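The chain contents come next:
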Amino acid sequence: MLAGKNILLGITGSIAAYKCAFLVRLLVKQGANVKVVMTSAAQQFITPLTLSTLSKNPVLTQYADEEGNWNSHVELGLWADVMLIAPASANTITKLAYGLCDNLLTATYLSARCPVVISPAMDLDMYQHPSTLANIQKLRSIGNLIIPATNGELASGLIGQGRMAEPEDIIAFLEEHLFYPTQDQLKGKKVLITAGPTVEPIDPVRYISNHSTGKMGFALAQQFVRMGAEVTLIKGPTLQQPHINGAIKVIEVGSAAEMFDATTREFTGKDITVMAAAVADYTPADVAEKKIKKDGQTLELALVKTRDILAELGRQKAEGQILVGFALETNDEEAHAQVKLRKKNLDLIVLNSLRDAGAGFGHDTNRITLLDNKGGKKQFELKSKTEVALDIIKAITEQL
Ligand code: CTP
């Protein structure tokens with residue numbers, strides 16, 4: 001699967017750097033084109049000569065080489081199908097999380113448009129430090145894929161989590177997460193995604209909304225774009241903005257009614273539509289023109305049902321269009337999701353339960369079950385939303 005792929009390996013200063021000789025050798029054996037960029041600390045653990053010999057390419061360590069030739073971080077970033085940073089030290093992880101670019105490796109990371117996979121390695125207490133955990137969390141939340149460090153004996157003699165994943169496992173991770181479905185598999189496909197909450201105004205200063213952050217929908221948009229699809233993203237108001245490189249049309253909406261109009265307008269001609277938005281089911285019957293004063297001891301608000309966007313798309317769905325919905329449930333999860341799948345005429349429904357720790361609103365992880373209209377069911381482990389997006393896309397491509 002890695003044959004012909006351009007893999008940019010970034011090596012930073014950790015004792016685990018010695019494993020990169022094996023890693024490069026395995027990648028080259030699989031037919032990948034490998035270029036290596038190293039920080040100066042990395043060169044104290046393994047020599048550029050070893051890696052240039054194994055990768056059959058010059059190893060890049062500085063912005064300019066000794067002959068004065070410029071090593072363009074922009075070109076390197078554009079060359080790569082994937083940038084793999086392994087081992088990623090605590091220091092480099094911090095720089096990546098904050099966008100610091102004081103060496104060729106970190107500048108290339110900021111320039112890269114391809115997926116980035118980060119494989120941390122450091123000593124036990126460094127790995128468990130809240131600062132490191134927060135930085136890894138930040139990198140994950142903006143779409144990087146993290147291969148967690150493994151447990152075992154560390155160079156210090158301490159025993160615990162901090163070892164870089166083994167080269168064979170890193171390669172298995174790349175194959176599983178990045179090169180399936182193949183990168184251009186969705187070229188020319190038109191995809192519509194909704195994400196985030198809706199806000200239903202009560203008066204000029206107040207509204208009703210929910211806790212959706214849009215992360216799941218953004219991860220889907222990002223992965224669809226990466227696979228060559230043309231993506232339209234309709235999003236409700238979110239604090240976080242999607243981090244997306246490449247072709248994407250973003251339509252901002254506020255209320256459920258606005259999302260209904262935009263989504264039904266954009267639906268025609270789309271090959272795949274995924275409703276990941278958390279649409280309000282009820283909206284105030286009347287929006288007060290002026291701010292409501294706190295005159296009474298109680299305040300009653302009359303709410304009316306919003307139109308179900310997904311059900312409407314299910315009615316309009318033409319031959320060949322794939323429609324995917326979400327179901328967030330708290331009890332009798334599967335039974336409720338099955339009803340929605342049938343009632344809304346969906347091809348696939350993504351079920352998540354609020355009973356699962358780490359799943360649902362606001363988290364960077366999710367635990368899903370996929371149910372399809374042919375009776376198929378797949379359950380997945382708790383994963384990052386980027387990985388969940390890949391699982392959903394994989395199931396969709398199986399339906400195409
Ligand atoms: N949905 C929609 N329009 C609405 C409400 C929900 O398109 N007005 C979509 C959501 O985007 C999601 C799916 O329907 O993909 C399921 O939403 P959910 O609120 O869980 O289901 P409901 O059908 O609203 O049922 P209930 O609230 O009773 O569970």
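Residues numbered from 1 in each chain as written. Predicted model: local features only at pLDDT ≥ 70, side-chain atom pairs only at ≥ 80, totals over all residues. Heavy atoms only, no water.

### Notes on the sheet that holds strand β8 (residues 190-195)
One key point about sheets: their strands pair by backbone hydrogen bonds, in either a parallel or an antiparallel sense. Let me state the cut-off plainly: Between any two strands, at least two bridges found by DSSP are needed for them to pair. A run of H or I in DSSP counts as a helix once it spans at least four residues, and a run of E counts as a strand once it spans at least two, with each numbered from the N terminus. To define axes, lines are fitted to C-alpha atoms, for helices over the stretch in contact only, and angles between the resulting N-to-C directions are given on a 0 to 180 degree scale. Between two residues, a contact is recorded if the distance between any of their heavy atoms is within 4.5 Å.
Ordered by their spatial adjacency, eight strands build an open sheet running β12-β11-β8-β13-β16-β17-β19-β20, and the pairing between neighbours is mixed. What marks the edges here is a single partner per strand, and that holds for β12 (248-252) and β20 (377-379). Here the strands of the sheet are splayed against their neighbours by 15 degrees on average, with no regard to which way each runs. Inspection of the sheet shows β8 paired to strand β13 (residues 272-275) by four bridges, in the parallel sense. Residue pairing in the sheet places Ile193 in a bridge with Val274 of β13. Strands in contact with helix α9 (residues 215-226) are β8, β11 (230-235), β12, β13 and β16 (322-329); relative to β8, the strand with the most contacts, it is inclined by about 165 degrees. Lying on the sheet, helix α11 (residues 309-316) is in contact with β13 and β16; it crosses β16 at an angle near 155 degrees.

### What about the environment of Leu145?
As for its placement among the helices and strands, Leu145 is situated in strand β5 (residues 145-146). Residues Leu145 and Glu300 lie 155 residues apart in sequence; the distance between their C-alpha atoms is 47 Å. Once residues lying within four places of it in the same chain are set aside, the contact partners of Leu145 are Val116, Val117, Ile118, Phe173, His177, Leu178, Ser384, Thr386 and Glu387.

### Comments concerning the site of the ligand
As a reminder of what qualifies: Residues are counted as near a molecule or strand when any one of their heavy atoms sits within 4 Å of it. Two N or O atoms count as a polar contact when they lie within 3.5 Å, although within protein this holds only if one can serve as hydrogen donor and the other as acceptor, and sequence-adjacent residues are included solely when both atoms are side-chain atoms. Only the protein chains shown count as cover for residues, with accessible areas throughout obtained via the Shrake-Rupley method and a probe of 1.4 Å. Three classes are used, and their members are as follows: Ala, Val, Leu, Ile, Met, Phe, Trp, Tyr, Cys and Pro are nonpolar, Asp, Glu, Lys and Arg are charged, and the others, Gly among them, are polar.
Surveying the vicinity of the ligand reveals 15 residues, the closest of which are Ala277, Leu310, Phe326, Lys340 and Lys344. Residue Lys340 places a side-chain N or O atom 2.8 Å away from an oxygen atom belonging to the ligand. In the model, an oxygen atom of the ligand is placed 2.6 Å from a nitrogen or oxygen of the Lys344 side chain. If the ligand stood free it would expose 570 Å²; the protein chains cover 75% of that surface. If you tally residues by element for the shell around the ligand, the top one is β16, at three residues. Residue composition of the shell around the ligand, grouped by class: eight nonpolar, two polar and five charged.

### Thoughts on the packing of aromatic side chains
Our working definition: Two aromatic rings, drawn from Phe, Tyr or Trp (for Trp, its six-membered ring), form a pair once their centres lie within 6.5 Å of each other, and the interplanar angle then sorts them: stacked below 30 degrees, edge-to-face above 60, tilted otherwise. Criterion for a charge above a ring: Lys NZ or Arg CZ within 6 Å of the ring centre, and within 35 degrees of the ring normal.
Tallied over the entire structure, the rule returns one aromatic pair. A cation over a ring is seen here: Lys138 above Tyr98, with NZ or CZ 4.8 Å from the ring centre. Residue placement shows Arg307 over the ring face of Phe260; its charged tip is 3.8 Å from the ring centre.

### Topic: unusual backbone geometry
Cut-off, in case you're wondering: Here's how the labels work: a residue is buried when its accessible area is under 20% of the maximum for its type, exposed when over 50%, partly exposed in between, all with a 1.4 Å probe on protein chains only.
Following Ala86, the chain continues into Pro87 via a peptide bond in cis, with omega recorded as -10 degrees. As for its position among the elements, Pro87 is in strand β3 (residues 82-88). Non-glycine residue Asp332 carries a positive phi angle of around 40 degrees. By the secondary structure assignment, Asp332 is in the loop between β16 and α12 (333-343). Classification of Asp332 by relative accessible area gives exposed; the value is 51%. Positive phi values are uncommon outside glycine, yet Asn345 reaches one of about 60 degrees. Tracing the backbone shows Asn345 in the loop between α12 and β17 (348-353).

### Structural notes on the pattern of salt bridges
Proximity of charged atoms lets side chains of opposite charge pair with each other. Let me state the cut-off plainly: For this analysis, a salt bridge means a side-chain nitrogen from Lys or Arg found within 4 Å of a carboxyl oxygen belonging to Asp or Glu.
Scanning all chains against the criterion turns up 17 salt bridges. One salt bridge in this structure joins Lys344 and Asp308, with 2.8 Å as the shortest N-O distance. Taken together, the positions of Lys344 in the loop between α12 and β17 and Asp308 in the loop between β15 (303-305) and α11 put the pair 36 residues apart, joining distant regions of the chain. Its relative accessible area of 18% is what places Lys344 among the buried residues. Using a relative accessible area of 34% as the deciding quantity, one classes Asp308 as partly exposed. Ionic pairing is found between Asp356 and Arg367, a salt bridge with its closest N-O pair at 3.0 Å. Pair noted here: Asp356 is in the loop between β17 and β18 (365-366) and Arg367 is in the loop between β18 and β19 (368-372), with a separation of eleven residues, a long-range link. For Arg367, a relative accessible area of 31% gives the class partly exposed. Among the charged side chains, a salt-bridge network with shared partners connects Lys19, Arg163 and Glu166.

The quantities given are spatial measurements derived from coordinates; they are silent on function.
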